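# Fold and geometry: a report
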Protein chains: 2
Amino acid sequence: MQLLKQRIREEGVVKKGNVLKVDSFLNHRIDTQLLDAIGEEFYRLFADAGVTKIVTIEASGIGVAVMAARYFGVPVVFAKKAKTAQLDDEFYSARIHSFTHNNDYTAIISRKYLSAEDTVLVIDDFLANGEATRGLLTILDDAGAKLAGVGIVIEKGFQGGGDKLRAEGIRVESLALIDSMDWETGEIVFRE
Amino acid sequence: MQLLKQRIREEGVVKKGNVLKVDSFLNHRIDTQLLDAIGEEFYRLFADAGVTKIVTIEASGIGVAVMAARYFGVPVVFAKKAKTAQLDDEFYSARIHSFTHNNDYTAIISRKYLSAEDTVLVIDDFLANGEATRGLLTILDDAGAKLAGVGIVIEKGFQGGGDKLRAEGIRVESLALIDSMDWETGEIVFRE
């Protein structure tokens, strides 16, 4: 998605440790018009996939997910980061390791809101090692839900999570796929 | 907003301790069509208020905020819950007490994304004691931003936060304002 890559080139800030900050249009300030275009682009890509539900994870995936869901005309279910009290059999759950924050958490989705009747598009703002996405896929499996594919705004391709999923036959569509980035020069190279 | 009140009556679950669960359409599963109608209603209410930015707080406010922002054609800035490392002079910050989780946290907004040029609509999914809203208003004050008003999806009026803000001359528009609710009978009474 050219519009998105242009914004990443102009405003993205590369930091040490594989960090890309896009706070000016996606992760703190949200450019609503761009987000709407992102939602529409996911619809263009997955319009024929029979999507009945969009699943994401709090917090930053929610904005993207609801904007896309408007085009699909389907509900969003966002996985929550569990508090201990919530870990009962009302929920599907998956343990997720965050490389960004160097900790583990448990993502949960109520059994009421995901079932074998669902064909799910998983949406998230970032994909790096793929831990969060894999957590959601585990939950989908537990629910017996069908996976339409994974829609990612920015994939950090050099961290390998996306390509591993693709190698397993999962359809992963990233609107901007970064093959390398350099925090010293600020250079960002996209995969064509 | 009749459509919203009807959903709260039909699907809202009242729990002990002033808790209203609306997980089936707002806080876990999101009814995208309803969320879009909520966004449009905020636009109807504040269309003439000169809004240049919508400010909310992660996580559950984000969906409502971006849907409303589409109608206004303005960006969203969502306050983040701070990690200690982020507490420097790049950010406006406010300490907020959460009665729901019985803890304190610090909400931050980068100085880059809020200024005296802004007329802000504060949006959130819930208003109870008003602590989160007050935190955001403190940040707006620090930034010198003008306040257009506060738009709330569900106000728990009996907890008093909204009326205190109104008594101070702040325009608070709640799409569903609950005057009382009873966890034993499940009864919910809306203010007319």
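Structural data are supplied above this passage.
Just so we're clear, the structure is a prediction, and the values are computed from it rather than from any experiment.

## With respect to the overall build of chain A
Looking only at helices and strands, chain A has five helices and 11 strands in total. Against the globule reference of 16 Å for 192 residues, chain A gives a C-alpha radius of gyration of 16 Å, in line with a compact fold. Overall, chain A is about 50 × 35 × 35 Å in size when its C-alpha atoms are taken along their principal axes. For chain A, the residues scored as buried account for 56% of the 192 residues in total. Across chain A, contacts joining residues at least 24 apart in sequence account for 60% of those joining residues at least 6 apart. Surface exposure of chain A reaches about 8,400 Å², of which carbon and sulfur atoms provide 44%. One finds the centroid of the 23 positive side-chain charges in chain A at a distance of 2 Å from the centroid of its 29 negative side-chain charges.

## With respect to the relation of the copies chain B and chain A
Superposition of the two copies of the chain requires a rotation about an axis and a shift along the axis. Relative to chain A, chain B is turned by 180° and slid 0.0 Å along the rotation axis, the superposed coordinates differing by an RMSD of 0.0 Å. Taken together, the rotation angle and the small translation identify this as a two-fold axis. Take the interface residues of chain B: 100% of them recur as interface residues in chain A, which is what a same-surface contact looks like.

## Digging into the packing of helix α2 (residues 32–46) of chain B against helix α3 (residues 61–72) of chain B
Residues and elements named next belong to chain B. For the pair α2 and α3, the least separation of the axes is 8 Å and the interaxial angle reads 55°. The pairing of α2 with α3 is recorded here as oblique in orientation. As for the relative orientation of α2 and α3, their crossing is right-handed in sense. Between α2 and α3, the residues in contact are Thr 32, Leu 35, Asp 36, Ile 38, Gly 39, Glu 40, Phe 42, Tyr 43 and Phe 46 and Gly 63, Val 64, Met 67, Ala 68, Arg 70, Tyr 71 and Phe 72, respectively.

## Observations regarding the nonpolar core
Counting residues in hydrophobic clusters, the biggest one holds 80 residues, and the most contacted among them are Leu4(A), Leu20(A), Ile54(A), Leu4(B), Leu20(B) and Ile54(B). Setting aside anything within four residues of it in sequence, one finds Leu4(B) in contact with Phe25(B), Leu34(B), Ile38(B), Val153(B), Leu175(B) and Ala176(B). Counting residues in hydrophobic clusters, the runner-up holds 27 residues, among them Val77(B), Leu136(B), Val150(B) and Ile170(B).

## What about the packing of aromatic side chains?
Across all of its chains, the model carries four aromatic pairs over all chains by this definition. Ring centres 4.9 Å apart and planes at 85° place the aromatic pair Tyr43(B) and Phe72(B) in the edge-to-face group. Of this pair, Tyr43(B) sits in helix α2 while Phe72(B) sits in helix α3, and the two are 29 residues apart along the sequence. On the accessibility criterion, Phe72(B) (14% relative accessible area) is buried. Through a chain of ring-to-ring contacts, the aromatic side chains of Tyr43(A), Tyr71(A) and Phe72(A) assemble into a single cluster. The residue whose ring lies beneath Arg171(A) is Phe46(A), and the NZ or CZ to ring-centre distance is 4.3 Å.

## Section: the interface of chain B and chain A
The interface is formed by 30 residues belonging to chain B together with 31 residues belonging to chain A. In total, about 2,600 Å² of surface goes out of reach between chain B and chain A, with carbon and sulfur atoms giving 66% of it. Where Lys80(B) meets Asp23(A), a salt bridge forms, and the shortest distance between an N and an O atom there is 3.8 Å. Across the contact surface, chain B and chain A share 14 residue pairs in polar contact (both at pLDDT 80 or more). Taken together, the elements giving at least two residues each to the side of chain B that touches chain A come down to β3 (29–30), α2, α3, β5 (76–81) and β7 (103–110) of chain B. With six residues, the single largest contributor to the side of chain B that touches chain A is α3(B).

## Notes on the pairing of strand β4 (residues 53–57) of chain B
Residue and element names in this part refer to chain B. Taken across its five residues, β4 has five buried, putting it largely inside the fold. Of the two faces of β4, both are covered, the one formed by Lys 53, Val 55 and Ile 57 as well as the one formed by Ile 54 and Thr 56. Note: β4 against strand β8 (residues 119–127), three bridges, orientation parallel. If you follow Ile 54 over to β8, its bridge partner there is Leu 121. Examined bridge by bridge, β4 and β5 share four bridges and lie parallel to one another.

What counts and how
- Residues numbered from 1 in each chain as written.
- Chains lettered and ligands numbered in written order.
- Predicted model: local features only at pLDDT ≥ 70, side-chain atom pairs only at ≥ 80, totals over all residues.
- Heavy atoms only, no water.
- Helix = DSSP H or I, 4+ residues; strand = E, 2+ residues; numbered from the N terminus.
- Rg over C-alpha atoms; globule rule 2.2 N^0.38 Å.
- Buried < 20%, exposed > 50% of the residue type's maximum accessible area, 1.4 Å probe, protein only.
- Contact = heavy atoms within 4.5 Å.
- Areas by Shrake-Rupley, 256 points an atom, 1.4 Å probe, with all protein chains shown as cover.
- Lys, Arg positive; Asp, Glu negative; His and termini not counted.
- Charge placed at Lys NZ, Arg CZ, Asp CG, Glu CD.
- Least-squares fit on C-alpha atoms with pLDDT ≥ 70 in both.
- Axes fitted to C-alpha atoms, helices over the stretch in contact; angles between N-to-C directions.
- Parallel < 35°, antiparallel > 145°, perpendicular 65-115°, else oblique.
- Left-handed = near helix turned anticlockwise from the far one by under 90°.
- Core = buried A, V, L, I, M, F, W, Y, C linked by side-chain atoms within 4.5 Å.
- Phe/Tyr/Trp six-rings, centres within 6.5 Å; stacked < 30°, edge-to-face > 60°.
- Lys NZ or Arg CZ within 6 Å of the ring centre and 35° of its normal.
- Buried area = accessible area lost by both parts, 1.4 Å probe.
- Salt bridge = Lys/Arg side-chain N within 4 Å of Asp/Glu carboxyl O.
- Polar contact = N/O pair within 3.5 Å; in protein donor to acceptor, adjacent residues only side chain to side chain.
- Pairing = 2+ DSSP bridges.

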